[in-house]
Amino acid sequence: MRAVRRFTVHARIPDQLAGLTALATNLRWTWHPPTRDLFASMDNALFRRIRDPLRMLTEIPAGRLEELARDEVFLARTREAVEDLERYLTEPRWYQRLAAEDGDRHRVPAAIAYFSMEFGVHEALPNYSGGLGVLAGDHLKAASDLGVPVIGVGPLYRAGYFRQSLSLDGWQVEHYPVIDPDGLPLELVTEPSGEPVLVRVAMPGGRELRAQIWKASVGRAPLLLLDTDVDGNDDDLRRVTDRLYGGDADHRIRQEILAGIGGMRAVRRYCELTGHPQPEVFHTNEGHAGFLGLERANEILGSGELSFDEALSAVRAGTVFTTHTPVSAGIDRFPVDLVQHYFGDGRLLPHVDPRRVLALGAEDNPGMFNMAHMGLRLAQRANGVSALHGRVSRRIFAGLWPGFDVEEVPIRSVTNGVHGPTWVAREMSALLGGNDEEWGHDGDGSGIDPSVTDEQLWALRRELRSNLVAEVRRRAREAWLQRGASALELGWTERIFDPDVLTVGFARRVPTYKRLTLMLRDPERLRALLLDEQRPIQIVVAGKSHPADEGGKALIQQIVRFVDDPEVRQRIVFLPDYGMSMARYLYRGCDVWLNNPTRPLEACGTSGMKAALNGCLNLSIRDGWWDEYYDGSNGWAIPTADGVTDPLQRDDLEAAALYDLLGQQIAPLFYDRDANGVPKGWMSMVWHTLRTLGPSVQASRMVREYVESYYLPAATMVAAAGENDYAGSREFARYRDRLEMAWPQVRVLDTELLGEGADTLVVGTEVRVRATVDLAGLDESDVDVQAVVGRVGDTDDLHDTVHVSMKPTGRGVFETALRLPHAGALGYTVRVLPRHRLLASPAELGKVVLA
Ligand SMILES: *Cc1c(COP(=O)(O)O)cnc(C)c1O
């Protein structure tokens, strides 16, 4: 029988235990082991099965709850835990100290809104598909730990991303279990009347899309999730938040309109109702929620007499855009007609001219609206997610800043990080952290207890590997039951994998560039590595393919067919349904974390960071974060055949290098033991990884960078643009008008290198540069005239340049002294750039005049 309707009956919690509800609804328990211990102590077996405090409260027998309500020891522990949470939520932390020290130099924003299409906080709230979502979750958690007042905003999907299983012949099968928000750690945001807050956005044809708002508490950070499955929405509109990354362009644009415009309205109303400070800075994790900038322009235009351009400068000042795509094909785009369809009648954003909307998303192809271009035009600050990805992004988007060298394109980078307390095995924190058990939480790497020995760490590594082996066996058996095997024929799953064999993990989404099947390039070599008598390796593979990606599913099937072979299946396994709960075992239990994308298509990659924090060594192509952090002794770099254009030949070369590394370096090092059975050489790499990568791969480092280099300067600029009824924005808009008028006539008339004496020039010699500039009526203070010096090649193109601002000496003459930075053939030039206090980068307006 199927139910016609579902509903949730809440448990009756005895008054004495009311504190448990507070502990269960704040997701801090997901990274706070003592809170988990408390719930486990209520019913250990039950907790081990469901691992979710909120579900504990509904599933635990009422009799046991009554017993606990009389248990003085338990009550005291509960009180203590509640007090600890209360302290965590209110005490001043890093951000509050920063505000105290830095508050007069920068404006320290009272709140920052962080928009993302997915948030992976914990499997108990399945609202993510992979890396992007988990990063968003880690961002919120680290922000919470640091006391950074971030509010998360995004959609709540009724069927999340899919759950993966396999058919008998190894084909991916997708399931969409529907969630019940009432059973999740969420609270409905309500009006004072008790009615749910409804966010409304206009849809074409006079319709309206409504969404209610669920709040998850991620430590100190509220996470607002919009849900369109509400009465009063037409059926098709109810389904706007049905699934993550499902459906066609029309479905996607509705989701993105909801996330950006609806999301902004949700934050505003939430802050009004709760007294939470309104955000001053708006950060979009990838471009999907970019429409939020338009809603902010809409707000400003609705509140006063400003032009769109005046409003735009205030919006830009407060927006931070993080791009995650290293390929143009990965950029989110819509047909212009579709955008016109939603914005064209002017009801969605009554104060914004639809033509301005379309212009913001313009790209080379006049038929397409480009969300990344809009993101960059609406955000004064933009960044990629690793140093390499920053460079790649500057190249991809260079066209938006014509006249500037690629290095000067105003897109910087903040390398991603991962939330230590979420990803580090508790046993590892306890061993390395000594008494405070806090290793991996926010440390600088010096926090490792110096008395820990190789033997102790090696024993722990084995324990974590054994846990993984047990999990592999359990999941392999379950997967085969789902594929239709009977329990009787599955005895072998109890014997697969070995807690003493070198264990390699490879788990990720399955787009082509990640090359799931690279390890199968030469199946015989792989087989030989797995089955080596002396030095075997075992490999755990996992990953989901996008449901519409048949190619990806075929790759999974190839892997599954290989691992199904009875000869190798004790050493290699494909585990279906990669997600946070499986990931945890993998990152902790593997010895080697493998990553072999096609360089430079991996923007950052974060799974290897989570592995590193647990003493697992990385074996990776030098792509994403590994390009910047590989140091020769913290893991291995698979050499890339960068110049080779034939992809198959490239795969052959890189796969061969991978087999060589595994067979000739990695396995020998792992199995080279001292008298006590400890691999000394291996352990020295593990220690080096923990010490050096430990501090740098953490989300706390990432969030501090965002605060110091993005949020604070952005808030300072917002204040400058907005004060006195946007006097700053208005003046800036006038400046831009002046610039537009004059710029075509601005010219460098003449340049001169003074004090030139060919025989005396050495590196460091000071020379003077003088230039005469026709400012076409602009004021000297409106521009930055720069002398640029650098190396020249055959083409006279300058590179490795250094630039110095020149001082006006009157009548359009500018002068400066500069030291020659390099030996060899040098050249110099002079250029004129806009200058204004509301510009974050001189390239921002895309204007430059060269001599
Ligand atoms: C960290 C994480 C990812 C991202 O890993 P990549 O290295 O970026 O591929 C994906 N899925 C889950 C469940 C994760 O925890």
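Rules used throughout
- Residues numbered from 1 in each chain as written.
- Predicted model: local features only at pLDDT ≥ 70, side-chain atom pairs only at ≥ 80, totals over all residues.
- Heavy atoms only, no water.
- UniProt positions renumbered as here; feature names shortened; annotations may be inferred.
- Pairing = 2+ DSSP bridges.
- Helix = DSSP H or I, 4+ residues; strand = E, 2+ residues; numbered from the N terminus.
- Buried < 20%, exposed > 50% of the residue type's maximum accessible area, 1.4 Å probe, protein only.
- Contact = heavy atoms within 4.5 Å.
- Polar contact = N/O pair within 3.5 Å; in protein donor to acceptor, adjacent residues only side chain to side chain.
- Patch = residues over 30% accessible without salt bridge, like charges linked within 9 Å, V, L, I, M, F, W, Y side chains within 5 Å.
- Areas by Shrake-Rupley, 256 points an atom, 1.4 Å probe, with all protein chains shown as cover.
- Salt bridge = Lys/Arg side-chain N within 4 Å of Asp/Glu carboxyl O.
- Lys, Arg positive; Asp, Glu negative; His and termini not counted.
- Charge placed at Lys NZ, Arg CZ, Asp CG, Glu CD.
- Near = heavy atom within 4 Å.
- Domains from an automatic or database assignment.
- Axes fitted to C-alpha atoms, helices over the stretch in contact; angles between N-to-C directions.
- Buried area = accessible area lost by both parts, 1.4 Å probe.
- Arc of directions from axis to C-beta.
- Left-handed = near helix turned anticlockwise from the far one by under 90°.
- Nonpolar A, V, L, I, M, F, W, Y, C, P; charged D, E, K, R; others polar.
- Core = buried A, V, L, I, M, F, W, Y, C linked by side-chain atoms within 4.5 Å.

Named according to an unreviewed UniProt entry, the chain is glycogen phosphorylase originating from Prauserella oleivorans. The record held by UniProt for the chain lists under Function (unreviewed entry) the comment "Phosphorylase is an important allosteric enzyme in carbohydrate metabolism. Enzymes from different sources differ in their regulatory mechanisms and in their natural substrates. However, all known phosphorylases share catalytic and structural properties." Its UniProt record, at the heading Cofactor (unreviewed entry), says of the chain: "pyridoxal 5'-phosphate".

A. Layout of the sheet that holds strand β24 (residues 798–805). The strand order β24-β23-β27-β28 describes an open sheet built from four strands, whose pairing is antiparallel. Both edges of this open sheet fall to β24 and β28 (849–850), since each of them pairs with a single strand only. Inspection of the sheet shows strand β27 (residues 826–834) paired to β28 by two bridges, in the antiparallel sense. Of the residues in β28, the one forming a bridge with V832 is V849.

B. Geometry of the UniProt feature "domain: DUF3417" (unreviewed entry) in the chain. In the numbering adopted here, UniProt assigns the feature "domain: DUF3417" (unreviewed entry) to residues 13–125. Taken end to end, residues 13–125 comprises 58% helix and 4% strand; its first and last C-alpha atoms sit 22 Å apart.

C. Local environment of the pairing of strand β4 (residues 172–175). With four bridges joining them, strand β3 (residues 163–166) and β4 adopt antiparallel strand pairing. The residue bridging L166 from the neighbouring strand is Q172, located in β4. Taking the residues between adjacent antiparallel strands as the criterion, β3 and β4 are bridged by five residues, where G170 takes a positive phi near 85°.

D. Main features of the environment of H688. Along the chain, H688 turns up in helix α26 (residues 680–696). Judged by its relative accessible area of 23%, H688 falls in the partly exposed class. In this structure the C-alpha to C-alpha distance between H688 and A387, which are 301 residues apart in sequence, comes to 22 Å. Leaving out residues up to four positions away in the same chain, H688 has contacts with D631, S633, N634 and L693. Within the local environment of H688, its side chain forms a polar contact with the side chain of D631, the two groups lying 2.6 Å apart. In terms of polar contacts, H688 uses its side chain to reach the side chain of S633, at 3.5 Å.

E. Structural view of a negative patch on the surface. Negative charge collects at one region of the surface, where D405, E407, D794, D796 and D797 lie side by side. Along the chain, the position of D796 falls in the loop between β23 (783–792) and β24.

F. Focus on the site of the ligand. Neighbouring the ligand are 14 residues, the closest being K514, Y587, T606, S607 and K610. K514 places a side-chain nitrogen or oxygen 3.0 Å from an oxygen atom of the ligand. A total of 390 Å² of accessible area belongs to the ligand in isolation, and the protein chains cover 94% of it. Looking at which domains feed residues into the shell around the ligand, each of domain 2 (108–413) and domain 3 (420–441 + 452–697) gives three or more.

G. Examining the pattern of salt bridges more closely. The final tally for this structure, using the stated rule, is 69 salt bridges. With a shortest N-O distance of 3.4 Å, R238 and D231 are connected by a salt bridge. Here R238 falls in the partly exposed class, since its relative accessible area comes to 27%. Of the charged contacts in the structure, one is a salt bridge between D660 and R525, with a shortest N-O distance of 2.7 Å.

H. Quick look at the sheet that holds strand β22 (residues 766–774). The strand order across the open sheet built from four strands is β21-β22-β26-β25, with neighbouring strands paired in antiparallel fashion. In the strand order of this sheet, the two ends are held by β21 (747–754) and β25 (807–810), each with one partner. The mean angle between the axes of side-by-side strands here comes to 25°, regardless of whether they run parallel or antiparallel. Of the pairings in the sheet, the one linking β25 to strand β26 (residues 813–819) comprises three bridges and is antiparallel in character. Note that in β26 the partner of K807 across the bridge is E815.

I. Geometry of the domain arrangement of the chain. Here the chain is described as being made up of domain 1 (15–90), domain 2 (108–413), domain 3 (420–441 + 452–697) and domain 4 (746–850). Just the C-alpha atoms count here: the centres of domain 1 and domain 2 sit 34 Å apart. Listed as interface residues are 14 residues of domain 1 and, on the opposing side, 15 residues of domain 2. Together, the buried faces of domain 1 and domain 2 total about 1,200 Å²; carbon and sulfur atoms form 62% of this surface. Looking at the side of domain 1 facing domain 2, the largest losses of area belong to L27, W31 and Y88, adding up to 45% of the total buried there. Where domain 1 meets domain 2, there are zero salt bridges. On inspection of domain 1 and its partner domain 2, the count reaches six residue pairs in polar contact (both at pLDDT 80 or more). Elements with a minimum of two residues in the side of domain 1 that touches domain 2: α1 (18–25) and α6 (72–90).

J. Region of the structure containing the side chain of N634. Mapped onto the secondary structure, N634 falls in the loop between α24 (624–629) and β20 (635–638). What makes N634 buried here is its relative accessible area of 1%. Filtering out sequence-adjacent residues up to four positions away, N634 remains in contact with L617, N618, W626, Y629, M685, H688, T689 and L693.

K. Focus on helix α7 (residues 94–102). Listing the buried residues of α7 in full gives W94, Y95, L98 and D102. Buried residues of α7, seen end-on, are gathered within an arc of 90° and therefore sit on one face of the element. As for α7, its buried residues are in contact with β1 (112–115), α8 (131–146) and α27 (699–742).

L. Local environment of the packing of helix α19 (residues 454–482) against helix α22 (residues 580–589). Remark: α19 packs on α22, axes separated minimally by 8 Å, with the N-to-C direction vectors making an angle of 140°. In the crossing of α19 with α22, the sense of the turn from one axis to the other is left-handed. Across the interface between the two elements, R461, L464, R465, N467, L468, E471 and R475 from α19 touch S581, M582, Y585, L586, R588 and G589 from α22. Taken together, the residues of the contact of α19 with α22 break down into five nonpolar, three polar and five charged.

M. Representation of unusual backbone geometry in the model. For the peptide bond that leads from R599 to P600, omega is 0°, which places it in the cis range. With respect to the helices and strands, the residue P600 is situated in the loop between β18 (592–595) and α23 (607–612). Phi is positive for A776, which is not a glycine, with a value near 50°. Summarising the element assignment, A776 is placed in the loop between β22 and β23. The backbone of R811 shows a phi angle near 50°, a positive value even though the residue is not glycine. Its place among the elements puts R811 in the loop between β25 and β26. Judged by its relative accessible area of 84%, R811 falls in the exposed class.

N. Geometry of the nonpolar core. Core analysis: the biggest nonpolar cluster contains 102 residues, and L432, I572, L586, L619 and W682 have the highest contact counts within it. Sorting elements by how many residues they give to this core places helix α25 (residues 647–671) first, with 10 residues. Two domains each donate at least three residues to this core, and these are domain 2 (108–413) and domain 3 (420–441 + 452–697). In this view, I572 contacts F497, M519, L526, L530, I539, V541, F562 and V563; residues no more than four positions away in its chain are not counted. In this structure, V197, L294, L348 and V789 belong to the second largest nonpolar core, which totals 91 residues.

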